[in-house]
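# Architecture and fold: a report
Letter by letter, the chains look like this.
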Amino acid sequence: MRAGCQGCSSQDHDFAIAMAFQPIVDVLTGRPFAFEALVRGSAGEGADEVLARVTPENRYAFDQKCRVAAIEGAVAAGILDTQARLSINFLPNAVYSPAACIQLTLKTARATGFPTDRLIFEFTENEEMIDIDHVKNIVESYRKMGFATAIDDFGAGHAGLGLLAKFQTDYIKLDMDLVRGIEASLPRRMIVEGVIRIADSLGIATIAEGVETVEEFDVLRAIGVRYIQGYLFARPGFKCLPAVAPVGECTTAAA
């Protein structure tokens, strides 16, 4: 535990980062419900290139730096002029204590004037969860602090529905592999409908990510998905909040 504390406070990393932002659209209003902060290199290098340089030794500092960059970058891009929330990815294995590791985030929010009740913290189930009870504690602690939480890439990675039996987040983000071509795949549609029914019964809102076509959008909206993210509405904007394209004016983006 003490090593985790030292890691959290350490700024010993050898690369700079910036953030791109992609809207999560409320289909009822056509406006961004939130913007997800997506890590990039300082010159716009892709997330894979940045994440490949994260190690157990710099993971704590990297997680902290991403939180700061997300808030500062979103405020600089104008998010305070909107009602949108800010969704920040975090590494559960980099949080040794929710109360301690959130302090720099809170300090940054205060310094920039960003309301903490507009923060969403999402973690990917693609990262192996060494201690499920620890992740549960993070989620429950963040809820008590007034933050929302989300499981990213739901339906892929190290956990699935079994994760929801252990703890519940405010949102689940359907993995794009479940969404891709859903209009032409009965199995995908049935799986997504089943997930939505379970999520609704648990009081969890569903977000579909990776939506690229009007056909995918139409099916997802018809089966009850309220929040949608993907190239259909906007590509991530590097250091900016991209405008949301009306569905009728969108063009299908390549994967």
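Before reading on, note that the structure itself is shown above.
The paragraphs below set out a description of the structure included in this document.

Attention now goes to helix H5 (residues 103-112). Taken together, the buried positions of H5 are occupied by Thr 105, Leu 106, Thr 108 and Ala 109. The arc that holds the buried residues of H5, viewed along the axis, is 160°, so those residues lie on one side. Away from the buried face of H5 by more than 90 degrees, exposed residues Lys 107, Arg 110 and Ala 111 are located. Buried residues in H5 make contact with helix H3 (59-77), helix H4 (98-101) and strand E4 (119-124). Downstream of H5 by a residue or two, Gly 113 has a phi angle that is positive, lying close to 80°.

Next up on the list: the side chain of Thr 206. Structurally, the position occupied by Thr 206 is in strand E7 (residues 205-208). Residue Thr 206 is classed as buried on the basis of its relative accessible area, which comes to 5%. The residues contacting Thr 206, other than those within four sequence positions of it, are Ile 172, Leu 174, Ile 196, Ala 199, Val 225, Arg 226 and Tyr 227.

Moving on, we get to the packing of H3 against H5. For the pair H3 and H5, the least separation of the axes is 9 Å and the interaxial angle reads 15°. One element, H3, and the other, H5, form an angle in the roughly parallel class. For the crossing formed where H3 meets H5, the hand is right-handed. When H3 is examined against H5, the residues Gln 64, Arg 67, Val 68, Ile 71, Glu 72 and Val 75 are found in contact with a partner set consisting of Leu 104, Thr 105, Thr 108, Ala 109 and Thr 112. By residue class, the composition of the contact of H3 with H5 is five nonpolar, four polar and two charged.

Cut-offs applied
Residues numbered from 1 in each chain as written. Predicted model: local features only at pLDDT ≥ 70, side-chain atom pairs only at ≥ 80, totals over all residues. Heavy atoms only, no water. Buried < 20%, exposed > 50% of the residue type's maximum accessible area, 1.4 Å probe, protein only. Helix = DSSP H or I, 4+ residues; strand = E, 2+ residues; numbered from the N terminus. Arc of directions from axis to C-beta. Contact = heavy atoms within 4.5 Å. Axes fitted to C-alpha atoms, helices over the stretch in contact; angles between N-to-C directions. Parallel < 35°, antiparallel > 145°, perpendicular 65-115°, else oblique. Left-handed = near helix turned anticlockwise from the far one by under 90°. Nonpolar A, V, L, I, M, F, W, Y, C, P; charged D, E, K, R; others polar.

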